[in-house]
Amino acid sequence: KQIEDLTVDLSQFTCDFFRVEAIIRPWRLPNVVKALSARGIVGMTASNVKGAGVQGGKKERYSGVEHGVEDLVDKSKVDIVVQRDQVNSVVRTITKAAQTGEVGDGKIFVLPVADIIRVRTTETGADAEKMAGGMSDRLSNGAA
Ligand code: ATP
Ligand code: GLN
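This section reports on the structure supplied with the text. Computed from a predicted model, the values in this text were never measured in an experiment.

This paragraph deals with the site of ligand 2. With respect to spatial proximity, 15 residues lie near ligand 2, and among them Val42, Gly43, Gln86, Glu129 and Ser136 are the closest. Between ligand 2 and valine 81 there is a distance of 3.0 Å, counted from a nitrogen atom to a backbone nitrogen or oxygen. Within the backbone of serine 136, one N or O atom sits 2.8 Å away from an oxygen atom of ligand 2. Within the complex, the protein chains bury 99% of what would otherwise be the 300 Å² of accessible surface of ligand 2.

Take the site of ligand 1 next. In the vicinity of ligand 1, the contacting residues are Gly43, Met44, Thr45, Asp79, Ile80, Val81, Arg118, Arg120 and Met131. Methionine 44 places a polar main-chain atom, nitrogen or oxygen, 3.3 Å from an oxygen atom of ligand 1. Arginine 118 is positioned such that a nitrogen or oxygen atom in its side chain is 2.8 Å from an oxygen atom of ligand 1. Coverage of ligand 1 by the protein chains reaches 51% of its 610 Å² of free accessible surface. Counting residues per element, the shell around ligand 1 draws most heavily on strand 3 (residues 73–83), at three residues.

A few words on the side chain of threonine 95. Mapped onto the elements, threonine 95 comes out in helix 2 (residues 87–98). Classification of threonine 95 by relative accessible area gives buried; the value is 15%. In terms of polar contacts, threonine 95 uses its side chain to reach the backbone carbonyl oxygen of valine 91, at 2.7 Å. When sequence neighbours within four positions are dropped, the list of residues in contact with threonine 95 reads Ile3, Leu6 and Ile108.

A few words on the pattern of salt bridges. What the rule picks out here adds up to eight salt bridges. Among the ionic pairs, arginine 19 bridges to aspartate 79, the shortest N-O distance being 2.7 Å. One end of the pair, arginine 19, is in strand 1 (residues 17–24); the other, aspartate 79, is in strand 3, and 60 residues separate them in sequence. Residue aspartate 79 is classed as buried on the basis of its relative accessible area of 11%. Between arginine 118 and glutamate 123 there is a salt bridge whose closest N-O contact spans 3.1 Å. Several salt bridges converge on common partners, so that one network encompasses Arg19, Glu21, Lys77 and Asp79.

A few words now on the packing of helix 1 (residues 29–38) against helix 2. For the pair helix 1 and helix 2, the least separation of the axes is 8 Å and the interaxial angle reads 145°. Remark: the crossing between helix 1 and helix 2 carries right-handed chirality. Where helix 1 approaches helix 2, its residues Asn31, Val32, Ala35 and Leu36 are matched on the opposing element by Val90, Thr93, Ile94, Ala97 and Ala98. By residue class, the composition of the contact of helix 1 with helix 2 is seven nonpolar, two polar and no charged.

It is worth spelling out helix 1 at this point. If you check which residues of helix 1 are buried, you get Leu29, Val32 and Leu36. The buried side chains of helix 1 occupy one side of the element, clustering within an arc of 65° when seen end-on. Exposed residues lying more than 90 degrees from the buried face of helix 1 are Pro30, Lys34 and Ala38. Contacts made by the buried residues of helix 1 are with strand 1, strand 2 (45–51), strand 3 and helix 2. Downstream of helix 1 by one or two residues, glycine 40 has phi in the positive range, about 90°.

How each quantity is defined
- Residues numbered from 1 in each chain as written.
- Chains lettered and ligands numbered in written order.
- Predicted model: local features only at pLDDT ≥ 70, side-chain atom pairs only at ≥ 80, totals over all residues.
- Heavy atoms only, no water.
- Near = heavy atom within 4 Å.
- Polar contact = N/O pair within 3.5 Å; in protein donor to acceptor, adjacent residues only side chain to side chain.
- Areas by Shrake-Rupley, 256 points an atom, 1.4 Å probe, with all protein chains shown as cover.
- Helix = DSSP H or I, 4+ residues; strand = E, 2+ residues; numbered from the N terminus.
- Buried < 20%, exposed > 50% of the residue type's maximum accessible area, 1.4 Å probe, protein only.
- Contact = heavy atoms within 4.5 Å.
- Salt bridge = Lys/Arg side-chain N within 4 Å of Asp/Glu carboxyl O.
- Axes fitted to C-alpha atoms, helices over the stretch in contact; angles between N-to-C directions.
- Left-handed = near helix turned anticlockwise from the far one by under 90°.
- Nonpolar A, V, L, I, M, F, W, Y, C, P; charged D, E, K, R; others polar.
- Arc of directions from axis to C-beta.

The structure is reproduced here in structure tokens:
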């Protein structure tokens, strides 16, 4: 499947907001942040995590081998809360910026978000989610 055709099935959820949680290679994080920012996705949270996938921490691994803590490899996690109609764009942008094609490129999870509260203003919902100069502002200004 082409990255441009990636589509997230959100049909089970009626909520307005989702959290896109991407576990990626740490050295790809700058690329991912840059690509998201370029699209007007400015609200995000990144952290350093450790994880295991099929890749484990080893070059080769066969089914049934158990992971030890020492097998966990360094990954970066980027959490981005966006409105419903921005999920596909965010997922495609991250995939494009993080993909090498080698084992260990990572995984993206999409979760429903019930509500958002901006602490400074006590705004909630769409008002709290919106970022000044963000993607929706840019689109309404006629930018791509
Ligand atoms: P304010 O206008 O009060 O600064 P803000 O919406 O810009 O509000 P911040 O207070 O800067 O939000 O947000 C605090 C932290 O919350 C950010 O540093 C970031 O880690 C996280 N964050 C904010 N928005 C999002 C988002 N949409 N998705 C993921 N993380 C976010
Ligand atoms: N949905 C917001 C906007 O378009 C952007 C959200 C974000 O940057 N995470 O203004």
